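Coordinate analysis (summary)
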Amino acid sequence: MAISVQNLIKEKKFPFIFAFFVLLLCATSFLYTTDSRFPSFSLYDIQKQTNPSSFQLFSPPQIVTPPPVAAVSSPTTATTTADRNDVANGNENKSNEGNSVVVGGGGMEGIEKIQWALCKGTVAVDYIPCLDNFKAIKALHSRRHMEHRERHCPKPNPRCLPPLPKGYKVPLLWPKSRDMIWFDNVPHPKLVEYKKDQNWVRRDGDFLVFPGGGTQFKDGVTDYFNFIEKTLPIIQWGRRTRVVLDVGCGVASFGGYLLDKNVITMSFAPKDEHEAQIQFALERGIPATLSVIGTKKLPYPNNAFDLIHCARCRVHWDADGGKPLMELNRILRPGGFFIWSATPAYREDVRDRNYWKSMVALTKIMCWKDVAKTMVSPGVGLVIYRKPDTFSCYDDQKERDPPFCYHRGPQDIPWYEPLTRCLSKLPVDIGGNVLSWPSLWPYRLNDLPPVLSFDPDLRDMFYEDTKHWSVLVSDVYLNAAAVNWSSVRNIMDMNAGYGGFAAALVDLPFWVMNVVPFDAQNTLSVIFDRGLIGVYHDWCESFSTYPRTYDLLHSSFLFKNLTQRCDLIDVAVEMDRMVRPGGYVLVQDTMEMIHKLGSILGSLHWSTSLYEKQFLIAKKSFWRPS
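Note that this is a predicted model, so its numbers are computed, not measured.

1. A short note on the sheet that holds strand β4 (residues 202-204)
By definition, the strands of a sheet pair up through backbone hydrogen bonds, in either a parallel or an antiparallel sense. Spatial ordering of the open sheet is given by β3-β5-β4, a layout of 3 strands whose pairing is antiparallel. Two strands bound the open sheet, and with one partner strand each, they are β3 (180-182) and β4. Going across the sheet, the axis of each strand differs from the next one's by a mean of 30 degrees, ignoring polarity.

Printed below as a string of structure tokens:
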């Protein structure tokens, strides 16, 4: 029997009316939130959940997973924020004052209070936790092999925030930034004075200006690499040669100007022989990272780079029986080139002559062929070596010294692996034939990578992944009003998979550092085969870059597995360190992880929003704790 509201009021049945409206409100709320409880997953994530074995590019690595890091609950049961900041500063028994904030809600279990504080010390503004661990560096027994420039990550992870340089401004936009940057953003004048006669960089009022010169580029870097291609036309910048490694890159003008030739260069140098050169490169919008050839393997896959360049990079390639040069051999693609522009190639003094003889002997036993030796200009010369792309030279050698390296398999990831005195075997297909050179650029971006050619299931998955990211980027990401894409230049994909996100952006004025977590499937070789760049990394540690060096960080379903090993707060602090003020984080993940990460970033005074009910978009402010 129908009951009218008017009769209910007359009969004063107010409790019934109140209960009815509460029930109606709950039902409406449930319907409104249903979509957000079931977010759409990427193709990558769906395939891993529905058919884990089909997604594995190779057999899975044997990984010993440490227990998860306990959350900070109270000073009596966990490490305090002040303790973490003392670790960051290399100090003990120091108190830090900061702004107390509450991180909670949106799926966070309990309430966690964090006292955000600024990093302290002489390197606070440019603090890199794993490279500025002075306590660990001081305890080293030797610096002979550049151990002091390698990664020494503090435990626990510091949670201090690097302060902004005084007068910091929004960086200049690309392509203007290639030639000039704000001095206040990277206020390091020593390199200007030290290299004033070599045309690296000069001060011009409020700006640092980069003329495109260098120690070996007396007539400018453009004339230099044009001379190289004229000497050896098979190099074909931007066609056959797409992915380059520049060792000891200076301010990265070599890689910066090769971008005009459709060449993407991974420029690297240690922190920091010539004061902030990698910071200069990243501020300019040029791909670069901090690294050193010391005692550990570089974080790149075997057979990755089309060409490796070294202009006066001060690496003793013949040290320890030739281990540094054998590391280049590992990461150089069969048939690829090593260009060595250094004094032993053209000077006649005793020291250089002896070094040259050592290089001749070393490259001979490695089966590298000297394909060109010439003078670029008066006083500057170079030699070009080529790595073999057949087994004939190896077969002709009576003694195998150095021996071939033992590899556990393609899944083997060189993360904190020691350098070895051995030669990596050439990669082969099922028939034993050396894998072919990738297609010419730009076709190699979407053509099937040689490393996947032997497996039809992986082939289909690659094409589906490429299609998925192309649609997602063009139809969703680039339409997100919360991201000002015109201000974006340096991008990092924190969980890159096959590199589909970067491939979908390749025609835009961005570059992407593709990161493959060390405990994920080893897909980085696919990324290099596509003509893109990237590194291995463990996101439970700090990344080897300066603060404020990326405009946008992207991740797709990274955090669930990661938080089984480390604290999401530490990852968020590292993200805050890497992103420039005004920069962005774009995350696709479960709603639980989005709520947790959004809460932490909110406590750091980032603005956060949920886009299309499944993507977290967060923008970093200029806030720093007082």
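Read on for the rest.
2. Quick notes on the pairing of strand β11 (residues 369-377)
Both β11 and strand β12 (residues 380-386) contribute to a ladder of 7 bridges, which runs antiparallel. Paired with K369 across the strands is R386, a residue of β12. Hairpin geometry of β11 and β12 is characterised by an intervening segment of 2 residues between the two adjacent antiparallel strands and by a positive phi of about 90 degrees at G379.

3. Looking at the sheet that holds strand β19 (residues 615-619)
An order of β15-β14-β13-β16-β17-β19-β18 is seen for the 7 strands of this open sheet, with the pairing classed as mixed. Across the chains shown, the open sheet's two edge strands, defined by having one partner strand only, are β15 (534-537) and β18 (607-611). With direction set aside, neighbouring strand axes in the sheet form an average angle of 20 degrees. Inspection of the sheet shows strand β14 (residues 511-517) paired to β15 by 4 bridges, in the parallel sense.

4. Quick word on empty space enclosed by the protein
In total, this model carries 4 cavities of 30 Å³ or more according to the counting rule given. Estimates place the volume of the largest cavity at around 150 Å³. Along the wall of the largest cavity there are 16 residues; nearest its centre are P129, P158, D570, V573 and E574. By residue class, the composition of the lining of the largest cavity is 10 nonpolar, 2 polar and 4 charged.

5. Digging into the packing of aromatic side chains
Applying the stated criterion across every chain yields a total of 30 aromatic pairs. Relative to F528, the ring of F305 has its centre 5.0 Å away and its plane inclined at 70 degrees; by these criteria the two rings are edge-to-face. Separated by 223 residues along the polypeptide, F305 in strand β9 (residues 305-311) and F528 in helix α17 (residues 524-529) bring together distant segments of the chain. The class for F528 is buried, based on a relative accessible area of 0%. Measuring from centroid to centroid gives 6.5 Å for W340 and W356, while their planes differ by 10 degrees, and the two rings are stacked. In this pair, W340 is assigned in strand β10 (residues 332-341) and W356 in helix α13 (residues 350-365), connecting sequence segments 16 residues apart. The two residues W340 and W356 agree in class, both being buried. Three or more aromatic residues joined by ring pairs make a cluster, and in this case those are F217, Y224, F225, W237 and F254. The ring of F210 has R284 lying over it, and the distance from NZ or CZ to the ring centre is 4.2 Å.

6. Structural notes on the pattern of salt bridges
If you walk through the whole model with that rule in mind, you get 22 salt bridges. The residue R178 makes a salt bridge to D179 at a minimum N-O spacing of 3.6 Å. For D179, a relative accessible area of 29% corresponds to the partly exposed category. Members of the salt-bridge network, linked through shared partners, are D306, R333, R444 and D529.

7. Remarks on helix α19 (residues 568-578)
In terms of burial, α19 is a largely internal element, 11 of the 11 residues being buried. Along α19, the residues that are buried comprise L568, I569, D570, V571, A572, V573, E574, M575, D576, R577 and M578. The opening residue of α19 is D567, an N-cap whose side-chain oxygen sits 2.9 Å from the backbone nitrogen of I569.

So, how was this worked out
- Numbering of residues begins from 1 in every chain and follows the order in which that chain's sequence is written.
- Confidence filtering applies because this is a predicted model: local features only for residues at pLDDT of at least 70, side-chain atom pairs given and counted only at 80 or more, and all residues used for totals across whole chains, interfaces and linings.
- With hydrogens and water set aside, each side-chain value is computed from the structure's full complement of heavy atoms.
- Here, strands pair whenever DSSP counts at least two bridges between them.
- Think of it this way: any DSSP run of H or I at least four residues long counts as a helix, any run of E at least two long counts as a strand, and we number them from the N terminus.
- To obtain an axis, a line is fitted to C-alpha atoms, over the contacting stretch when the element is a helix, and the angle between two such axes runs from 0 to 180 degrees between their N-to-C directions.
- Within this scheme a cavity is a closed region of a 1 Å grid, computed over the protein atoms alone, that accommodates a 1.4 Å probe without allowing it to escape, whereas a pocket is open but has protein on both sides within 12 Å along at least five of seven lines; lining residues each have an atom within 4 Å of a point.
- Grid points are joined across faces, edges and corners, and a volume is the space filled by probe spheres set on the points.
- Amino acids are sorted into nonpolar (Ala, Val, Leu, Ile, Met, Phe, Trp, Tyr, Cys and Pro), charged (Asp, Glu, Lys and Arg) and polar (every other residue, Gly among them).
- Note on aromatic pairs: the rings of Phe, Tyr and Trp (six-membered ring only in Trp) are paired at centre separations within 6.5 Å, and the planes decide the class, stacked below 30 degrees, edge-to-face beyond 60, tilted for the rest.
- Buried, partly exposed and exposed residues are distinguished by accessible area as a fraction of the type maximum, computed with a 1.4 Å probe on protein chains only: under 20%, between the cut-offs, and over 50%, respectively.
- Each ring is checked for a lysine NZ or an arginine CZ that lies within 6 Å of its centre and within 35 degrees of its normal; such an atom marks a charge sitting over the ring.
- Within this document, salt bridges are pairs made up of a side-chain nitrogen of Lys or Arg and a carboxyl oxygen of Asp or Glu, the two lying within 4 Å of each other.
- Definition of a polar contact: a pair of N or O atoms within 3.5 Å, with one able to donate and the other able to accept a hydrogen when the atoms are protein atoms, and with sequence-neighbouring residues admitted only if both atoms are side-chain atoms.

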